[in-house]
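One-letter residues, chain by chain:
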Amino acid sequence: MTNVLIIEDDPMVAMLNQQFIEKIADVHIVGNVRNIPDARELLAEESVDLLLLDVYLPGMTGIEFLAELHDKKINVAVILITAANDVSTVKEAIYYGVVDYLIKPFTFERFKLAFEKFEKLTDVTQELQSTDQSQLDKYFNSGTIPTAPVSSGKVEDLPKGLSKLTLKKVYRQIQKIKGSFSTEQLAGEIGLSRISTKKYLLFLVDIQILHEEMEYLEIGRPLTLYSLRETHQNEIEKYLKN
């Protein structure tokens, strides 16, 4: 499991970052803090694999914190998430070896690419005892590596961990719902755990059966709502055939 520390002074953005990363990975959020002193304390007490770091922070910038980590030889991967779009900040971020640089506002798809880049880096530098050029190219030249072929639509093309029978149950229940719905709502109606339900919802989003949007509440974290798209409905049927 990946241990993640979020350093972001805007509470709404911080919760959105947390929701994004929890949506795509099995992670442990070590902390979600608003300033560098709190981040230092957590880094001293906890094992952290990845920082989601803002630049404009009170008292000390994210770039200054990167310099501090560099000087102290603290080895932790960093994805910079910031409104800073000046070239000098980008150059400094590259110098200190950030995994990726995201300029606010960004899409979930772009965030997902950044995390996948971190995962490739982890594969190359931690999980393997030795490496070779092809393994290194997965990280350093990922843009030139051919992508996986598009699904042929066969039942066996369902992602690992998903079953055709459960997918059919999930989809048929969605068809009965009028308007938007949340993961919790659907999970309760079909008697499935929230985590399992979410996996099927993400798959349906990926194949463009569902549309997802964020609803920002006055209190608490943003709520993800799903709704059936008017188009692409035939796409699901080839996964549900006997």
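Definitions and limits used
Residues numbered from 1 in each chain as written. Predicted model: local features only at pLDDT ≥ 70, side-chain atom pairs only at ≥ 80, totals over all residues. Heavy atoms only, no water. Pairing = 2+ DSSP bridges. Helix = DSSP H or I, 4+ residues; strand = E, 2+ residues; numbered from the N terminus. Axes fitted to C-alpha atoms, helices over the stretch in contact; angles between N-to-C directions. Contact = heavy atoms within 4.5 Å. Salt bridge = Lys/Arg side-chain N within 4 Å of Asp/Glu carboxyl O. Buried < 20%, exposed > 50% of the residue type's maximum accessible area, 1.4 Å probe, protein only. Patch = residues over 30% accessible without salt bridge, like charges linked within 9 Å, V, L, I, M, F, W, Y side chains within 5 Å. Areas by Shrake-Rupley, 256 points an atom, 1.4 Å probe, with all protein chains shown as cover. Lys, Arg positive; Asp, Glu negative; His and termini not counted. Charge placed at Lys NZ, Arg CZ, Asp CG, Glu CD. Parallel < 35°, antiparallel > 145°, perpendicular 65-115°, else oblique. Left-handed = near helix turned anticlockwise from the far one by under 90°. Nonpolar A, V, L, I, M, F, W, Y, C, P; charged D, E, K, R; others polar.

> Just give me the short version of the sheet that holds strand β3 (residues 50-53), but keep the residues and values in it.
Spatial ordering of the open sheet is given by β2-β1-β3-β4-β5, a layout of 5 strands whose pairing is parallel. Every interior strand has two partners, whereas the edge strands, β2 (27-33) and β5 (100-103), have only one. When strand polarity is set aside, the average angle formed by the axes of neighbouring strands in this sheet is 15°. Two strands pair when backbone bridges link them, and β3 and strand β4 (residues 77-82) are joined in this way by 4 bridges, in the parallel orientation. Looking across to β4, one finds that L51 is bridged to V78. Together, β1 (2-7), β2, β3 and β4 form the strand contacts of helix α1 (residues 11-24), whose direction differs from that of β2 by roughly 175°.

> Break down the pattern of salt bridges for me, citing the residues and quoting the values.
The full count for this structure, using the stated rule, is 7 salt bridges. The partner of K23 in a salt bridge is E212, with the nearest N and O atoms 2.2 Å apart. Pair noted here: K23 is in helix α1 and E212 is in strand β6 (residues 210-215), with a separation of 189 residues, a long-range link. Per residue, the accessibility class of K23 equals that of E212, and both read buried.

> Describe a negative patch on the surface, with residues and values.
Where like charges cluster on the molecular surface, the negative patch consists of D38, E41, E45 and E46. Residue position: E45 is located in helix α2 (residues 36-45).

> Please give an account of the side chain of Q18 that cites residues and values.
Among the secondary structure elements, Q18 is positioned in helix α1. You can call Q18 buried: its relative accessible area is 13%. The residues touching Q18, leaving out its near neighbours within four places in the chain, are I6, I29 and N32.

> Kindly report on the packing of helix α3 (residues 62-71) against helix α4 (residues 87-95), identifying the contributing residues and their values.
It is the contact of α3 with α4, at a shortest axis distance of 10 Å, that shows an interaxial angle of 20°. Judged by the angle between their axes, α3 and α4 are roughly parallel. Handedness of the crossing formed by α3 with α4: left-handed. Note on element contacts: α4 touches α3 through T89, E92, A93 and Y95, opposite I63, L66 and H70. In terms of residue class, the contact of α3 with α4 is made up of 4 nonpolar, 2 polar and 1 charged.

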